[in-house]
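Secondary and tertiary structure notes
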Amino acid sequence: RPTSGLEFVSSRHFPPEVQGDMLINNTIGFLGTKQHQMIEDGTGFTTKHRQDLVTSSDGNFRPVDMEFAPDGSLYLVDWHNVLIGHMQHNARDPLRDHKHGRIYRITYPDRPLVEPAPVAGASTEQLLENLTLPEYRTRYRTRRELRGRDAGQVRAAIDTWIAGLDESDSHYEHHLLEALWVTWGLNSVDQDLLRRLLESEDHRVRAAAVRVLRYSGHQIEGQQELLTQAAGDSHGRVRLEAIVAASWLPEQEGLPVLSEAAKHPLDRHIAPTFNAAMAHIQGTSYMPPEQGEETVQTDLEGTDRELYELGEKIFSRDGSCETCHQPNGKGLAASGFPPLAGTDWVTGDPERLIKLVLKGMQGPLEVLGEQYPGQVPMTPFGGMLDDEEVAAVLTYVRNSFGNEADPISPETVEKVRATVQDKEGFYTPEELLNEHPME
Ligand code: HEC
């Protein structure tokens, strides 16, 4: 829904169990503010509706902004306007109300307010102390105040402050992140601190540090190497941040970062971001290919048909073939993903195809007359799929998207797997074609 002015609950004035909840204003249809729980879910988040915090039966109720105040209460702005559309009504329509509106203050009567922290005009030492407070908005206002101060003086005060922090505090790294953000705000990023936080055990800290790296590359030595490392991180959210950061780099610098990311699972949060980044960096725009309404159609029978049906499921799993080669098998040339429809790699020698899927492939390649520079690797599936699953997915791609070729049996996969057992790393197309020349 159109929504304006989101806020996360971060205030000791409200109960502990709602901390971190997301508040969303709604100005069309449902008129009010919804409250959702945020739940970490791998690379991204899911949410669960907790309650409607505010609702109104007044048709002109337009909650458009919110913020937790220094005393921990929540302020809510009602723009109270009869007209809100910019397409439906003239901008100068006299019914547009520029004079009225309301500001509500929401409190939790059973609980005490928060004592406001000094911010405006406070000493730098006091401001740094504020950074350990639980209230996000207090820390935010504190950082804004620090931004206006002398960079050299604040940097020196930060070093002293960090030295005095308790390393066993469970929020220790969060405090360090706050310090990093202050130096970012001063346009003088502390590089040692950044590198230290990029190595944190906590993926949330690493992801936050990559975000700083994204915006401050011009100040940071070895931005590209650091991003490449982050693109290979064990946690999806860190890889996601690195992919977004890479999309802002010149093509030659960004591609190796994206290439590293492509060696890891492209889950449902990462895949569209990756594809958009690949397209953007090459100066094109990402349009997901149109999906036809193809239904499963095959003449295969018996065990071959069972393999085909299993293969279809494997093909469309999160991070599996479909993510890159697309549901219609037509690939995504801008991202370096060749088509599977009508290619001899798919319908030709089964041994070549099995080797390619077990071990992956990277290197310059021509498919259906189109050149692929080979900067993006094809995932090795040997460790992820067993013999039957490889046979199934290959039987599927050999008999879909207009392809027609013999099914592949689990026994064949087993034999080929034994011959490539000791092979390390990706195949190059050249290597595979030497072993199995194209028909
Ligand atoms: C992370 C993205 C990704 C995934 C996932 C992926 N591929 Fe690929 N695939 C590629 C890339 C990139 C190439 C080209 C590699 C090169 O240029 O050397 C490729 C090449 C191929 C080729 C040879 C070229 C062609 O288009 O005919 C086949 C066949 C193939 N993949 C099949 C599969 C199958 C089957 C799966 C699922 C089991 C799969 N791929 C999963 C990225 C991917």
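Computed from a predicted structure; not experimentally measured. The residue numbers shown here count from 1 along each chain, following its written sequence. Residues qualify for local features only when their pLDDT is at least 70, as the model is predicted, and side-chain atom pairs are given and counted only at 80 or more; totals for whole chains, interfaces and linings, by contrast, use all residues. Side-chain measures here rest on the full set of heavy atoms in the structure, leaving out hydrogens and waters.

1. Points about the coordination of the iron atom of the ligand
Listed donor atoms are N, O and S within 2.8 Å of the metal (Na, K and Ca: 3.2 Å). As water is not included, a site may look incomplete. The coordination sphere of the iron atom of the ligand, as far as protein atoms go, consists of His325 (NE2) and Met378 (SD), spread over 2.0 Å. Any coordination sphere not matching a tetrahedral pattern (four donors, all angles between 85 and 135 degrees) or a square planar or octahedral pattern (four or six donors, opposite donors over 155 degrees apart, other angles between 65 and 115) is reported as irregular. The site at the iron atom of the ligand holds six donor atoms, and with the angles between them running 85 to 179°, its shape is octahedral. Pair noted here: His325 is in helix H12 (residues 321–325) and Met378 is in the loop between strand S9 (370–372) and helix H15 (387–398), with a separation of 53 residues, a long-range link. The way it works is that DSSP assigns letters per residue, a run of H or I at least four long becomes a helix, a run of E at least two long becomes a strand, and they are numbered from the N terminus.

2. Concerning the environment of Ala157
With respect to the helices and strands, Ala157 occurs in helix H3 (residues 151–163). In this structure the C-alpha to C-alpha distance between Ala157 and Thr124, which are 33 residues apart in sequence, comes to 7.3 Å. The contact criterion used throughout is that any non-hydrogen atoms of two residues lie within 4.5 Å. Each residue touching Ala157, except ones within four places of it in the same chain, is listed here: Thr124, Glu125 and Leu128.

3. Considerations on the nonpolar core
Counting 59 residues, the largest nonpolar core has Leu180, Leu194, Leu197, Leu258 and Phe274 as its most contacted members. Counting residues per element, this core draws most heavily on helix H6 (residues 203–215), at seven residues. For this core, the domains that each give at least three residues are domain 2 (124–281) and domain 3 (302–435). Not counting chain neighbours up to four residues away, the residues in contact with Leu180 comprise Val189, Asp190, Leu193, Leu194, Leu197 and Val212. For this analysis, a nonpolar core means a set of buried residues of the types Ala, Val, Leu, Ile, Met, Phe, Trp, Tyr and Cys, connected via side-chain atoms within 4.5 Å. Burial status follows relative accessibility: with a 1.4 Å probe on protein chains alone, a residue under 20% of its type maximum counts as buried, one over 50% as exposed, and anything between as partly exposed. The next biggest cluster of nonpolar side chains, apart from the first, holds 35 residues, and it includes Leu300, Tyr308, Cys321 and Leu394. Marked domain ranges trace back to an automatic or database domain assignment.

4. Topic: the sheet that holds strand S1 (residues 7–8)
We call two strands paired when DSSP finds no fewer than two bridges between them. One open sheet holds the four strands; their spatial order is S1-S2-S3-S4, and the pairing between them is antiparallel. The open sheet has two edge strands with one neighbour each: S1 and strand S4 (44–55). Pairing between S1 and strand S2 (residues 22–26): two bridges, direction antiparallel. Its bridge partner being in S2, Phe8 is matched across the sheet by Met22.

5. Some thoughts on the packing of aromatic side chains
Pairs of aromatic rings are described using the distance from one ring centre to the other and the angle between the two planes. Two aromatic rings from Phe, Tyr or Trp, using only the six-membered ring of Trp, form a pair when their centres are within 6.5 Å; if the ring planes differ by under 30 degrees the pair is stacked, by over 60 it is edge-to-face, and anything between is tilted. For the structure shown, the criterion picks out ten aromatic pairs. Look at Phe14 and Phe68: their rings are 5.7 Å apart centre to centre, the planes differ by 75°, and that puts the pair in the edge-to-face class. Taken together, the residues span a long stretch of sequence, with Phe14 in the loop between S1 and S2 and Phe68 in strand S5 (residues 63–68) at a distance of 54 residues. Across the pair, exposure class does not vary: Phe14 and Phe68 are buried alike. Seen in terms of ring centroids, Phe315 and Tyr396 are 5.3 Å apart; in terms of plane orientation they differ by 55°. Their pairing is tilted. Taken together, the positions of Phe315 in helix H11 (residues 302–315) and Tyr396 in helix H15 put the pair 81 residues apart, joining distant regions of the chain. Put simply, the rings of Tyr308, Phe315, Tyr396 and Phe401 touch in pairs and so form one group of aromatic residues. Two thresholds decide whether a charge sits over a ring: the Lys NZ or Arg CZ must be within 6 Å of the ring centre and within 35 degrees of the ring normal. The side chain of Arg352 reaches across the aromatic face of Trp345, ending 5.6 Å from its centre. Against the face of Tyr427 rests Lys423, its NZ or CZ located 4.5 Å from the ring centre.

6. Overview of the packing of H6 against helix H8 (residues 236–246)
All axes are obtained by fitting lines to C-alpha atoms, using only the stretch in contact for helices, and the reported angles, taken between N-to-C directions, cover 0 to 180 degrees. In the contact formed by H6 and H8, the axes pass within 8 Å of each other and the chain directions differ by 5°. On the basis of their axis angle, the class for H6 and H8 is roughly parallel. Across the interface between the two elements, His203, Arg204, Arg206, Ala207, Val210, Arg211 and Arg214 from H6 touch Arg237, Val238, Glu241, Ala242, Val244 and Ala245 from H8. Taken together, the residues of the contact of H6 with H8 break down into six nonpolar, one polar and six charged. These descriptions rest on fixed angle ranges, namely under 35 degrees for roughly parallel, over 145 for roughly antiparallel, 65 to 115 for roughly perpendicular, and the rest for oblique. Residue polarity is assigned by list, with Asp, Glu, Lys and Arg as charged and Ala, Val, Leu, Ile, Met, Phe, Trp, Tyr, Cys and Pro as nonpolar; anything else, Gly included, falls into the polar class.

7. Here's the deal with the domain arrangement of the protein
Examined at the domain level, the protein breaks down into domain 1 (7–106), domain 2 (124–281) and domain 3 (302–435). Taking only C-alpha atoms into account, the centre of domain 2 sits 37 Å from that of domain 3. Taken together, the contacts link twelve residues of domain 2 with 15 residues of domain 3. By buried area we mean how much accessible surface two parts lose on assembly, using a 1.4 Å probe and totalling the loss over both. Approximately 1000 Å² of surface area, both sides summed, lies buried where domain 2 meets domain 3, with 64% of it carried by carbon and sulfur atoms. For salt bridges, the criterion is a side-chain nitrogen of Lys or Arg within 4 Å of an Asp or Glu carboxyl oxygen. At the junction of domain 2 and domain 3, the tally comes to zero salt bridges.

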